[in-house]
Amino acid sequence: MIPMFAMGASDHDDHGHDDHGHGDHGDGHGGHGDHGHGEHGGGSSWWMYLLGFLVLAPTLMCLFNGVVGSSGVSYNPATGEYSSPILMAIILAPAIGAVINGTIGQKLPRPIVNLVGCAAIGLAFLFSISAVGSLMGLEAPAAEGHMAHQPIVYNAFKWIWVGNFQIPAKFVLDPLSAVMILIITGIGTLIHIYSAGYMSHDPAYARFFTYLNLFCFAMLILVLGGNMLLTFVGWEGVGLCSYLLIGFWYTDDAKASAGKKAFVVNRVGDFAFIIGMFLIFTAAESLDYQAITQLATTPETAGPLMGIATAATIFIFIGCTGKSAQIPLFVWLPDAMAGPTPVSALIHAATMVTAGVYLIARMNALFILAPTTMWIVVVVGGVTALMAATIAVVQNDIKKVLAYSTVSQLGYMFMAVGSGALTAGVFHLMTHAFFKALLFLGAGAVIHGLHDEQDIRKMGGLRKSMPIIHWTFLVGCIAIAGVPGFAGFFSKDEILWNVFAQVHAGAPMPGLHVVMWIVGVLTAGLTAFYMFRLYFLTFHGESRVAAGVTPHDAPAAMAMPLIILAALSAVGGYLGVPHILGGLVHWIPGIGEAMSHHILHTWLEQVFTPSANALSIRFEHDQEVVMEWVTMGVSVVVALGAIAASWMLYARPSDVPKTVAERASLPYKILSNKYYVDELYALLFVKPTLLIGRFFHKVVDEVLIDLLLVNGAAWVMESMGAIGKRLQDGNVQRYAGYVVLGLGAIIFLLLIK
Amino acid sequence: MQATDGFMTVSMPILTLLIFLPILGAILTAFLPREESGLHRGVALTFGLVTFALSLVLLKYDPDFSSTTATVVSSRFPTMQFVESYGWIDGLGARYTVGIDGISLWLVLLTTFLQPIMILSTFSAVTERVKEFMIALLVLQAGMIGALVALDGLLFYIFWELMLIPMYFMIGIWGGAQRHYATLKFFLYTMVGSLLMLIALLYVYFGTDAVTAGGGYSFSLAELMAVPLSEGEQYWLFGAFALAFAIKVPLFPFHTWLPDAHVQAPTAGSVILAGVLLKMGTYGLMRYAMPMFPEAMVTFAPWIAVLSVIGIVYGAVVAMVQEDVKKLVAYSSVSHLGFCMLGLAALTPQSVEGAMYVMLAHGVATGGLFLAVGVIYERRHTRLIADFGGLAKVTPVFATFFMIIVFTSAGVPGLAGFVGEFLVLMGASQSQVLHFGEATYWFESVSGAMGPEANALVFAGIAASGVIFGAVYLLWMFQRVMFGPIKNPKNAKMQDLGVREVLYMTPLLVMCFVMGLFPEVFMSRMHSSVDAFMEQMRPGIQAKLTAEQRQVMQLSAQVNLGAPASPAPAASAPSMEAAKPRPSAGDEARVREMIRSRGFKLNDEGKKRIQRLHRGAAAPQGGAQPSEQ
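Values in this document were obtained by computation on a predicted structure and should not be read as measured data.

The rules behind these values
Residues numbered from 1 in each chain as written. Chains lettered and ligands numbered in written order. Predicted model: local features only at pLDDT ≥ 70, side-chain atom pairs only at ≥ 80, totals over all residues. Heavy atoms only, no water. Helix = DSSP H or I, 4+ residues; strand = E, 2+ residues; numbered from the N terminus. Expected span 1.5 Å × (residues − 1). Buried < 20%, exposed > 50% of the residue type's maximum accessible area, 1.4 Å probe, protein only. Contact = heavy atoms within 4.5 Å. Polar contact = N/O pair within 3.5 Å; in protein donor to acceptor, adjacent residues only side chain to side chain. Core = buried A, V, L, I, M, F, W, Y, C linked by side-chain atoms within 4.5 Å. pLDDT = per-residue confidence, 0-100. Pairing = 2+ DSSP bridges. Axes fitted to C-alpha atoms, helices over the stretch in contact; angles between N-to-C directions. Parallel < 35°, antiparallel > 145°, perpendicular 65-115°, else oblique. Nonpolar A, V, L, I, M, F, W, Y, C, P; charged D, E, K, R; others polar. Phe/Tyr/Trp six-rings, centres within 6.5 Å; stacked < 30°, edge-to-face > 60°. Lys NZ or Arg CZ within 6 Å of the ring centre and 35° of its normal. Left-handed = near helix turned anticlockwise from the far one by under 90°. Salt bridge = Lys/Arg side-chain N within 4 Å of Asp/Glu carboxyl O.

For helix α20 (residues 556–571) of chain A, spanning 16 residues, the distance from its first C-alpha to its last is 23 Å, which sits close to the expected 22 Å at 1.5 Å a residue. Buried within α20 of chain A are the following residues: Ala 557, Met 558, Ala 559, Met 560, Pro 561, Leu 562, Leu 565, Ala 566 and Ser 569 of chain A.

This is the structure in structure tokens:
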């Protein structure tokens, strides 16, 4: 049937992916080593996949287009909506891949499994391009001389339909979900191809690709879902896949625990999400995004929504802190690094963890009604960004550094959306997806090339033996550090500028935004510092690689995604050039040439119009040009300074880091123990819950109910029986006595009456 | 067959067949030689399969009541189909009347669906007294189907008690070490409730002379429901009925018989106990206690909801600390059935339909969990979590099945468990009756104009925390049993699922997906019956509405009327929707004030729309959608 847990023919433990097993690599690490790294399993055949993919995909595309017409977009005059089954094709392609690999994958040869897995998501990517192309064509004049894109809607079937609670399985492609599906399927495809190389020695490859495809399926539902409940389906679905993939090597109890922790912590967020939905449904009688947006942005219908907006958005935001690893629910993400590295790249960096940002962007019309929530979002984002960055500085596990970096960068995105700079948030989401996926894949390639070594203290000098990884990783570091010209610079600068600009935009608490801007700049500095610390410790200096390990560069299947992502990390930022730097000329059909400094901004405008109107304020550009130059200058200087500091400390032999760690031993200890948050939560939540459970079981159930009530009732019956037995003991004199007593009692009663 | 008493011609007495086929099977088994255990199994399985196949005819149930050819409709039970009625004990006014509606339909199908699965699962689990076991299973099925389809009080009571006997023997004979304690507890608990119910039933029965045509007594459900009762009477009678059903569900704090019964029962007994028997409690509430005493139900609703919510959290938290897998699953049942009861108590169409869906999904998921526990118990003869660990590696197929069932039980969307639980919570959050009077509206400052829904939201909110605990205890158990290294060498050679086991697990798995992805397949046959049920409850709900509640409904009705995108109330909209008072012109100022106070300014178009709205609302046919104008 479906041996999804099958470890394959060989015993998994012998191929242990023991990430914690630093040191002796002579044995036990056969998973990646000792199999002849010269001709890497995935390496020699990846051209085959690519070729098969290139042949198969266009064929299917042609078939699809032939059957349903060009992308199948049709106009329904009754509803005024454009519809296309291509949305279903995008979603179902990975699902079909998962079903194939999940059912018969174990019996298929490895290249076929790889091909099915990659083709499933690759097809979804091609379909996505086709659909987004159609979406670009569906332009209609909107207000203020801009063009709006008619969303493509596909109603698949009635899902839950009770009374006035009506939830269709409805999928919507609009500019926002378009950005998301391109990231998910595009980066997803690269990571699938990479995985063919990375997992080339793992016997459970079929299970891996099943889960990976399943994840993409759930993620696509999350972003394409047309109502909150469908998003919730994807939301929980990605959580489930995350659970499965974090605990992929489940024979290791620690990894299985990490998976469980991720799921449970996310469930806490999901619980809040559910409450948020209740509140919204109470007010709007709908969970449909279009309906909610329309209600919230029409003054005469916004009343009930305003009543619950603050409460509802706070609950939804708690949901987002779960999925997007923000304070207080970030604790699962660092542990999630127990999963295979491609999983960390895809799920825990590029896609799933950004779902919270996506959700707030999607529900911007409601969030904008709740200024209180907005500043909570900014503060939580800012504090998380700074806190995670400080932890990242002292981590020694290459993946843990990247994990905390992800938490920190997600904090940036929340600062952006909380400031109302939704485009900036989505922009950073996108660039982050490029460079963080790149960094994770690079880290994975390093780990792979060092036979499962993750400790950066046991690396060093790898730039010679791993040139491709080195150069691409460097690009990723430059991008995330915010060096001008690379992707991270543009998006980070836009966020910082927007946070700062709130001061002038009449935000309720200008002081708060100044503080948040400082936090943002500090975080930017720390980010540049710890990323280059990681880079220098890994690739520069003397080699500290354990004896017996021969580092090797990435095989072709892994190198190709690295190079593509490096290119994207380098140039991806030009989708959103700040206007002070000139911007690009944008051609708007029907209107003509117009200056647009920001392609992404123009593209997403219609989705964010509601909140843009509410926040339209801002200020005249020319007046603020100087301020914008200044803020940009500050962040660039801080970033470059931090890189220089990092170079001084880590590129060359230096005693300073050690001295600092010794001198400031207390802060160092707190940081390396991640502020003891895990311990705190265990003390506050885990242990009390178990205690209460035991109390309920042992005391309430067994003593109070069973012993006192149930057996007590039996005892009362028994005692009554015993008394009755004594009353009727056959002694006639006593019976006569009872009669006299009774008579006396009756007479007494009659007398006192 | 001859039509009687205004009933239409019965083409095939399908329900009677469903009740008596298993009895026939039991009789046949009784005459087979004792040594031929294979034959007993074969006969029981055959009867199980034939009954299931036959029960599929019930899918012809027509929720729209449009075609009368396919399903038999009775004038006396206008909401029922497949009705059969024959004279039975004329002197008592008891008739053999059976029929189904959307409420009982799926429970009957669940019963017939689980039967062959259970019988298959006993092939290796029950090796002693196979003959008696099969007879018990068959009689039990007859009792359950009978209780589900009976439309006569006495008939229902007899089937209700009939279920008890085979279950008693099943635990008492084939049970574990402490089976005698468990059986006695199970039996006494249930009997206390049954007795109270019988007394209450008789009390109502002796009032039926007021409503029957001839002035005699009648056990017919139609007459029982028509008996006029004072409020005080209703409270006591409802209390008696509700207690009987609450014990069966079981509702906290009447639940302690369940873990004992489950742990001691053989696997098949646990499956049927969790799968169908517990639902008899919730079904009984829906069929008897609630429609017979609607005012009492609405008055007690918040208290029932309190117990349900306690049950949800309590069951989950206690499940967390269990060391025995089966006890853990038993406590998870307490938690899940809490959702069911909350749904019924909330009295909204969503919550009631959700509760019905929870019954079905719980039957499939928890049935599956017990089967999975049975699988490992058969192999290792232990159910202690600590004795396992790392099984996923040696039994990958089993791990896959088990995991999907676990996630169904944990309520992951896309699988069966989610739909019902979510509907219950969603419905509960909108409930009009879950409050203790105006003085206790909580959260008002946060929730603005919400009023009593704010209270309901607290119930729903606390209950929703069950989703967190559900994940904790199930995943923790799963991890300790299936993941990690194999610590106990005895587990290293554990057999994966055999063909027979795959055969009986697969249908459950398929149902997990089908029920999660396409709930409308099932619910489309529930809607009209739930509407009818809500209509029966309406007097109670209306009596409970407070002045403020009416006002709030009024206000929200007005504001929402202007919403072009909000879905128009469907034809099958809840009856409460219809009960919403029409907005009056006097509230226009309030709406304006509210919108202004929230920082919005009405533009000209907005002003026009509000005026139009109120003009329309003030008119006799008011409340029309403004977009139509």
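Looking now at the environment of Thr 183 of chain B. Residues and elements named next belong to chain B. Looking at where Thr 183 falls in the secondary structure, it is placed in helix α6 (residues 179–205). The exposure class assigned to Thr 183 is buried, which follows from its relative accessible area of 3%. It is 9.6 Å that separates the C-alpha atoms of Thr 183 and Ile 173, two residues lying 10 residues apart in sequence. Those residues within four positions of Thr 183 in sequence are excluded, and the remaining contacts are Tyr 168, Ile 171 and Gly 172. Of the polar contacts made by the side chain of Thr 183, one reaches the backbone oxygen of Arg 179; its length is 2.2 Å.

Moving on, we come to the nonpolar core. Grouped burial of nonpolar side chains is what soluble globular proteins tend to show. Among the nonpolar cores identified, the biggest contains 437 residues, and Leu 229 and Ile 280 of chain A together with Leu 434 of chain B are the most heavily contacted of them. What Ile 280 of chain A contacts, discounting residues up to four positions off in sequence, is Met 228, Glu 285, Ser 286, Leu 287, Ile 292, Ile 308, Ala 312, Ile 316, Met 363 and Leu 366 of chain A. One finds Ala 421, Leu 496, Val 521 and Ala 524 of chain A within the second-largest nonpolar core, a separate group that totals 17 residues.

Right, let's talk about the confidence of the model for chain A for a bit. All names here are of chain A. Mean pLDDT over chain A: 82, with 83% of residues reaching 70 or higher. Across residues 7–44, confidence stays below pLDDT 50; counting only partners more than four residues off in sequence or on other chains, it has 85 contacts. A low-confidence stretch, residues 615–623 stays under pLDDT 50, and its non-local contacts, those more than four residues away or across chains, total 14 contacts.

Residues and elements named next belong to chain A. In the sheet, strand β2 (residues 81–83) pairs with strand β5 (residues 152–162) via 2 bridges, with the strands oriented parallel. Bridged to Tyr 82 within β5 is Ile 152. Where β5 meets strand β6 (residues 165–173), 9 bridges bridge the pair, whose relative direction is antiparallel. Bridge pairing links Asn 155 to Lys 170 in β6.

All names here are of chain B. Direction vectors running N to C along helix α3 (residues 102–125) and helix α13 (residues 349–380) enclose 5°, while the axes themselves pass 10 Å from each other. Put simply, α3 runs roughly parallel to α13. Judged by residue contacts, Gly 102, Ile 103, Trp 106, Leu 107, Leu 110, Leu 114, Ile 117, Ser 121, Ser 124 and Ala 125 of α3 engage Met 356, Met 359, Leu 360, Gly 363, Val 364, Leu 371 and Glu 378 from α13. Of the residues in the contact of α3 with α13, the class split is 12 nonpolar, 4 polar and 1 charged.

Another point: the packing of aromatic side chains. Across all of its chains, the model carries 55 aromatic pairs over all chains by this definition. Where Tyr 194 of chain A meets Tyr 198 of chain A, the ring centres are 5.9 Å apart and the plane angle is 15°; that geometry is what we call stacked. Note that Tyr 194 of chain A and Tyr 198 of chain A are positioned in helix α4 (residues 175–198) at a spacing of 4 residues, about one turn of the helix. One exposure class covers both Tyr 194 of chain A and Tyr 198 of chain A, and it is buried. Between Phe 252 of chain B and Tyr 314 of chain B the ring centres are 4.7 Å apart and the planes differ by 55°, which places this aromatic pair in the tilted class. A residue pair is termed long-range when its members are at least 10 positions apart, and Phe 252 of chain B in the loop between α8 (231–248) and α9 (257–264) and Tyr 314 of chain B in helix α11 (residues 294–320) qualify at 62 residues. Through pairs of rings, three or more aromatic residues link up here, namely Trp 159, Phe 165, Phe 232, Trp 235, Phe 273, Phe 278 and Phe 281 of chain A together with Phe 418 and Phe 422 of chain B. Cation over ring: Arg 362 of chain A sits above Tyr 289 of chain A, and NZ or CZ is 5.7 Å from the ring centre. Sitting above the plane of the Trp 476 of chain B ring, Arg 480 of chain B keeps its charged end 3.7 Å from the centroid.

Another point: the packing of helix α4 (residues 130–149) of chain B against helix α5 (residues 153–174) of chain B. Residues and elements named next belong to chain B. Between α4 and α5, the shortest axis-to-axis distance is 8 Å and the interhelical angle comes to 155°. Accordingly, the angle class assigned to the pair α4 and α5 is roughly antiparallel. Note on packing geometry: the crossing formed by α4 with α5 is left-handed. Across from Glu 132, Phe 133, Ala 136, Leu 137, Val 139, Leu 140, Ala 142, Gly 143, Met 144, Gly 146 and Ala 147 in α4, the residues of α5 making contact are Phe 156, Phe 159, Trp 160, Leu 162, Met 163, Pro 166, Met 167, Met 170 and Trp 174. The residue makeup of the contact of α4 with α5, split by class, is 17 nonpolar, 2 polar and 1 charged.

Residues and elements named next belong to chain A. Strand order in the open sheet formed by 4 strands is β1-β2-β5-β6, and the pairing between neighbours is mixed. Whereas interior strands pair on both sides, the edge strands pair on one side only; in this sheet they are β1 (74–76) and β6. The sheet shows a mean angle of 45° between the axes of neighbouring strands, direction not considered.

On inspection of all chains with the given rule, the structure shows 13 salt bridges over all chains. A salt bridge links Arg 362 of chain A to Asp 174 of chain A; its shortest N-O distance comes to 2.7 Å. Linking Arg 362 of chain A in helix α12 (residues 355–362) with Asp 174 of chain A in the loop between β6 and α4, this pair joins segments that are 188 residues apart in sequence. Of the two residues examined, Arg 362 of chain A and Asp 174 of chain A, each falls in the buried class. The salt bridge involving Glu 501 of chain B is made with Arg 379 of chain B; its shortest N-O contact spans 2.9 Å. Of the two residues, Glu 501 of chain B sits in helix α20 (residues 499–517) while Arg 379 of chain B sits in helix α13, which places them 122 residues apart along the sequence. Overall, Arg 379 of chain B belongs to the partly exposed group, its relative accessible area being 23%.

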